[in-house]
Amino acid sequence: MFGSRSGSSMNAVQRSPKFGIAQAVPRLEDPRLLTGGGRYTDDLALPGMLYAVFVRSPLAHAVLRGIEVRAAETAPGVKLVLTAAELAAAGFGTLPCAVALANRDGSPAVVPPFPPLATDRVRWAGQPIAMIVAETLHQAEDAAERVRLELEPLPAVVDPEAALRPEAPQLFAELPGNVAFDWCWGPLEEVERAIAAAARVVRLRVHNNRVVVAPMEPRGAVASYEDGRFVLRTGCQGVMGLRNQLASVLRCPPRSIRVLAGDVGGSFGMKASAFPEHAPLLLAAKLLGRPVKWINDRSESFLSDYHGRSSILEGELALDREGRFLALRVRGVGELGAYVTAYGPAIPTLVLQKNLAGLYRIPLLALEIKGVVTNTTPLTAYRGAGRPEAAYLLERLVECAARELRIDPVALRRLNLVPRDAFPYRAASGLVYDSGDFETVLDRALERADWSGFPARKRASERRGKLRGRGLCAYLEVTAPPGKEHGGIRFTDDGRVILVSGTLDYGQGHRTAFAQILHEKLGVPFERIELLQGDSDELFWGGGTGGSRSLMVASKATLEAVEQVVAKGRALAAELMEAAEADVVFDAGVFRIAGTDRGIPLLELAKKARELGRPLDTDLVSEDPPSTFPNGCHVAEVEVDPETGAVALVRYTAVDDFGTIVNPLLVEGQVHGGIAQGVGQALLERVVHDPSGQLLSGSFMDYAVPRADELPFFSLAFHPVPATTNPLGVKGCGEAGITAAPAAVVNAVLDALAPLGVHHLDTPLTPERVWRALSAAKSASPS
């Protein structure tokens, strides 16, 4: 009879509270990464590998009359030179757009062709035109210098509003006026009437500055052609999504491509889609029969990595006499750059629309957005991707309304918050918020930030000759829309448990958080759990990582896989222990006969199952749960030097509701990073082009990102209200910090400047910009 009585072999696999859900377990990934065991794209060295370099346009707008490559083809070590002609001969297509928008008249938005290598025209400085493949990197670089481009310069336009003017250079014949889409949403006429009848209407125009994503690891790829299939090894955010996009470009079945992702040194949305370099790399690998490696250097990254943000929004908030919000209308321009990328159109439209209502009772909402092309690097998702823009505009409008109505900004927010007893609550965005406790989160943030003690700190700053201000941002964000996700559990002969996921960890710590869930729900030893990701051949489906979706979808898929493993195990355990299946229970990693001390540990059973040819392994595709609604309140305090305009962030407090928290340590890390990036956009970061389209902020000598000494210690707390729409009640946390920080910091700076007559500045609030505003205010004031 199979099955032991309770003893050490069974107890060894029982759950340990140290590694379960809600525990601050250190990342399993870190020892390997910190001791040099990481394997990033540039670490790959395949046998016979060649090296690629791209020839890029030096002009932002020009007719490409010709390309002379013969001198490069005969250069030492050169194996191949590719241009658009060779890609066309191979039958390759253009880069796809994954977002189908309709214009306000119902016609579909036009997406001009985005060729991997430029054809008849170049549209941004840095656009790839040709690719050189050689035996060594230096040989490829030398040969690239021999390529001669015949370019006929054209006028360029780098400002999205300037691109709308009748006299502006036209980028595409199929986009009259440089407008890719003219999109609207909501009851426009009803909102118009509400604004016209309102006791007060607050208007504000904000510019969301264009930023460089600048992940620690630049883009790169190693392409090969193996057994009649294309193989791309690269950092990305999801191998299945990238594979399917590449199949569209290469015009081949998706199964003809394998995408492999090792360790990824950051992405923040930018690496979520196919890039122009992928197609020529894959074609070269096929033509030469050898692997081809390409790694962006940092200067090339500034030019060619898709940028983030860049929109101009005008908001109108209607209020009644008591300060209750009546309607919100937003009109604006979303810049797309030189081409329409896979996700670029969604950010100033669909994502903005879902997030604009925030956590307030706003009865009516309408948007009117134009997508505009310019002679600049194309734009795509950057951490938050529409969420920070929505929160920034809304929270700046609330501050302006409080000032104009002479209402305390906290009281105005409190008056308009969705109350706890209103859930489920249908917002003006059309989405249904399932849970929240917004007023308690607000109160906890104010208490933790010592809001009432601010006047004393302000006086202390004044004694030092500094201006002190405080600002807050009460935010709600919407996570990525539902789709599908792969979940799998596999058992090995040596006792390891492999968790399979279609998400992709590029710095979040998935292996640790997912292992905590599996350890608690399946009872297998925490240290034996491994994560399999980043291989399209191992997946049925994969939504990747983005939009703070991973824990929600992966936990649901994992729990469904656990149920299947348990069901298989219960049937086999009953058979082996000669018991009725209904009498077998599963608890703490052991199948037991109810009411007895007889049982079989799961790992022991899994080994037996493999021997019998009846493995417990499970792979499935799970339907994603609905979007969730992380929310919180962030409070910033700043000191401004009136002599120089320099802003110092001196205090930062955050209280967030992320639902059930699986690992507080990982969550704090996510919030820290998001805040830092949000502070960067608020105070430091800005992409600058000259009128001809040349990038002036093309290195870290010219483009400022936050440093550790520019950030205070963050005071964080959580107020979990579990979501009701997924099994664990999680809400996502990856974009909260960057959603709230810009508004909180800018509100604080303007609070400091308000006594001197400065009530609005566009980001980034650099020392020069602040100093000029103070000087102008001083000059305008009566002597």
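Treat the numbers as computed from the prediction; the structure is a model and nothing was measured. (Residues numbered from 1 in each chain as written. Predicted model: local features only at pLDDT ≥ 70, side-chain atom pairs only at ≥ 80, totals over all residues. Heavy atoms only, no water.)

**Examining the packing of helix α19 (residues 664-683) against helix α20 (residues 736-753)**
No. 1: Two elements in contact, α19 and α20, have axes whose closest approach is 7 Å; the angle formed by their N-to-C orientations is 45°. Put simply, α19 runs oblique to α20. Relative to α20, the crossing made by α19 is right-handed. Contacts between α19 and α20 involve V671, G674, I675, Q677, G678, V679, A682 and L683 from the first element and G737, I738, A741, P742, V745, V746 and V749 from the second.
No. 2: A breakdown of the residues in the contact of α19 with α20 according to their chemical character gives 11 nonpolar, 4 polar and no charged. (Axes fitted to C-alpha atoms, helices over the stretch in contact; angles between N-to-C directions. Helix = DSSP H or I, 4+ residues; strand = E, 2+ residues; numbered from the N terminus. Parallel < 35°, antiparallel > 145°, perpendicular 65-115°, else oblique. Left-handed = near helix turned anticlockwise from the far one by under 90°. Contact = heavy atoms within 4.5 Å. Nonpolar A, V, L, I, M, F, W, Y, C, P; charged D, E, K, R; others polar.)

**Let's talk about the sheet that holds strand β5 (residues 121-122)**
No. 1: With antiparallel pairing, 3 strands are arranged side by side in an open sheet as β5-β3-β7. Each having just a single partner strand, β5 and β7 (148-153) make up the two edges of the open sheet.
No. 2: When strand β3 (residues 62-68) meets β7, the two strands line up antiparallel, connected through 6 bridges. Residue E68 lies in a different strand from β7, and its bridge partner there is R148. (Pairing = 2+ DSSP bridges.)

**Section: the sheet that holds strand β20 (residues 484-491)**
No. 1: Spatial strand order, β22-β21-β20-β26: 4 strands in an open sheet with mixed pairing. The open sheet has two edge strands with one neighbour each: β22 (529-532) and β26 (618-623). The sheet shows a mean angle of 20° between the axes of neighbouring strands, direction not considered.
No. 2: Along the sheet face, helix α16 (residues 510-522) touches β20, β21 (497-501) and β22 and points at about 125° away from the line of β22.

**Section: the packing of helix α12 (residues 387-405) against helix α13 (residues 409-416)**
No. 1: One can describe the packing of α12 onto α13 by two numbers: an axis separation of 9 Å at closest approach and a directional angle of 115°. Once α12 is placed against α13, the crossing between them reads as right-handed. Counting all contacts with α12, which are made through E395, V398, E399, A401 and A402, the residues of α13 involved are P409, L412 and R413.
No. 2: Looking at the contact of α12 with α13, its residues break down into 5 nonpolar, no polar and 3 charged.

**Comments concerning a negative patch on the surface**
No. 1: The grouping of E141, D142, E145 and D297 at the surface amounts to a negative patch.
No. 2: With respect to the helices, strands and loops of the structure, D142 is situated in helix α5 (residues 137-144). (Patch = residues over 30% accessible without salt bridge, like charges linked within 9 Å, V, L, I, M, F, W, Y side chains within 5 Å. Areas by Shrake-Rupley, 256 points an atom, 1.4 Å probe, with all protein chains shown as cover. Salt bridge = Lys/Arg side-chain N within 4 Å of Asp/Glu carboxyl O. Lys, Arg positive; Asp, Glu negative; His and termini not counted. Charge placed at Lys NZ, Arg CZ, Asp CG, Glu CD.)

**Focus: helix α17 (residues 550-576)**
No. 1: If you check α17, its first and last C-alpha atoms are 38 Å apart, about what 27 residues at 1.5 Å a residue would give, namely 39 Å.
No. 2: Positive backbone phi, at 55°, marks E578, one or two positions downstream of α17. (Expected span 1.5 Å × (residues − 1).)

**As for the pattern of salt bridges**
No. 1: Following the criterion strictly, the structure yields 53 salt bridges and no others.
No. 2: A salt bridge links D42 to K293, with the shortest nitrogen-to-oxygen separation between them at 3.2 Å. Remark: K293 occurs in strand β13 (residues 292-295) and D42 occurs in the loop between α2 (30-34) and β2 (50-56); sequence separation between them is 251 residues.
No. 3: A relative accessible area of 8% means that K293 is categorised as buried.
No. 4: Note that E639 and R468 form a salt bridge whose closest N and O atoms lie 3.3 Å from each other. A residue pair is termed long-range when its members are at least 10 positions apart, and E639 in strand β27 (residues 631-640) and R468 in strand β19 (residues 467-476) qualify at 171 residues. Each member of the pair, E639 as well as R468, carries the same accessibility label: buried.
No. 5: Put simply, D450, R457, R464, R468, E637, E639 and R651 are held in one network by salt bridges that share partners. (Buried < 20%, exposed > 50% of the residue type's maximum accessible area, 1.4 Å probe, protein only.)

**A word on the side chain of R457**
No. 1: Looking at where R457 falls in the secondary structure, it is placed in helix α15 (residues 454-463).
No. 2: Look at R457 and you get buried, because its relative accessible area is 15%.
No. 3: Within polar-contact distance, the side chain of R457 engages the side chain of D450 at 2.8 Å.
No. 4: Beyond its immediate sequence surroundings of up to four residues, R457 is in contact with A449, D450, R468, E637 and R651. (Polar contact = N/O pair within 3.5 Å; in protein donor to acceptor, adjacent residues only side chain to side chain.)

**Quick word on the packing of aromatic side chains**
No. 1: Summed over all chains, the structure comprises 18 aromatic pairs.
No. 2: Between F54 and W294, the ring centres sit 5.5 Å apart and the planes meet at 85°, which makes this aromatic pair edge-to-face. Remark: W294 occurs in strand β13 and F54 occurs in strand β2; sequence separation between them is 240 residues.
No. 3: With 5.5 Å between their ring centres and 90° between their planes, F423 and F438 make a pair best called edge-to-face. Of this pair, F423 sits in the loop between α13 and β17 (425-426) while F438 sits in helix α14 (residues 438-448), and the two are 15 residues apart along the sequence. F438 matches F423 in its accessibility class, with the two residues each being buried.
No. 4: Each member of the aromatic cluster is reached from another via a ring pair, and the members are F114, W124, F172, F275, Y306 and Y339.
No. 5: A cation sits over an aromatic face here: R219 above F275, 3.8 Å from the ring centre. (Phe/Tyr/Trp six-rings, centres within 6.5 Å; stacked < 30°, edge-to-face > 60°. Lys NZ or Arg CZ within 6 Å of the ring centre and 35° of its normal.)

**Here we look at the confidence of the model for the protein**
No. 1: Taken as a whole, the protein shows an average pLDDT of 95; of its residues, 98% reach a score of 70 or greater.
No. 2: The low-confidence segment residues 6-13, where pLDDT is below 50, has 18 contacts with residues more than four positions distant or belonging to other chains. (pLDDT = per-residue confidence, 0-100.)

**A word on a nonpolar patch on the surface**
No. 1: Residues F540, W541 and V621 make up a contiguous nonpolar surface patch of roughly 300 Å² in combined accessible area.
No. 2: Mapping V621 onto the fold places it in strand β26.
No. 3: Since its relative accessible area comes to 39%, V621 is described here as partly exposed.

**Things to note about the pairing of β26**
No. 1: Alternating residues of β26 divide into T618, L620 and S622, all buried, and D619, V621 and E623, none buried.
No. 2: As defined by bridge partners, β20 adjoins β26 across 6 bridges and the pair is classed as antiparallel. Each residue of the ladder has a partner; that of G488, found in β26, is D619.

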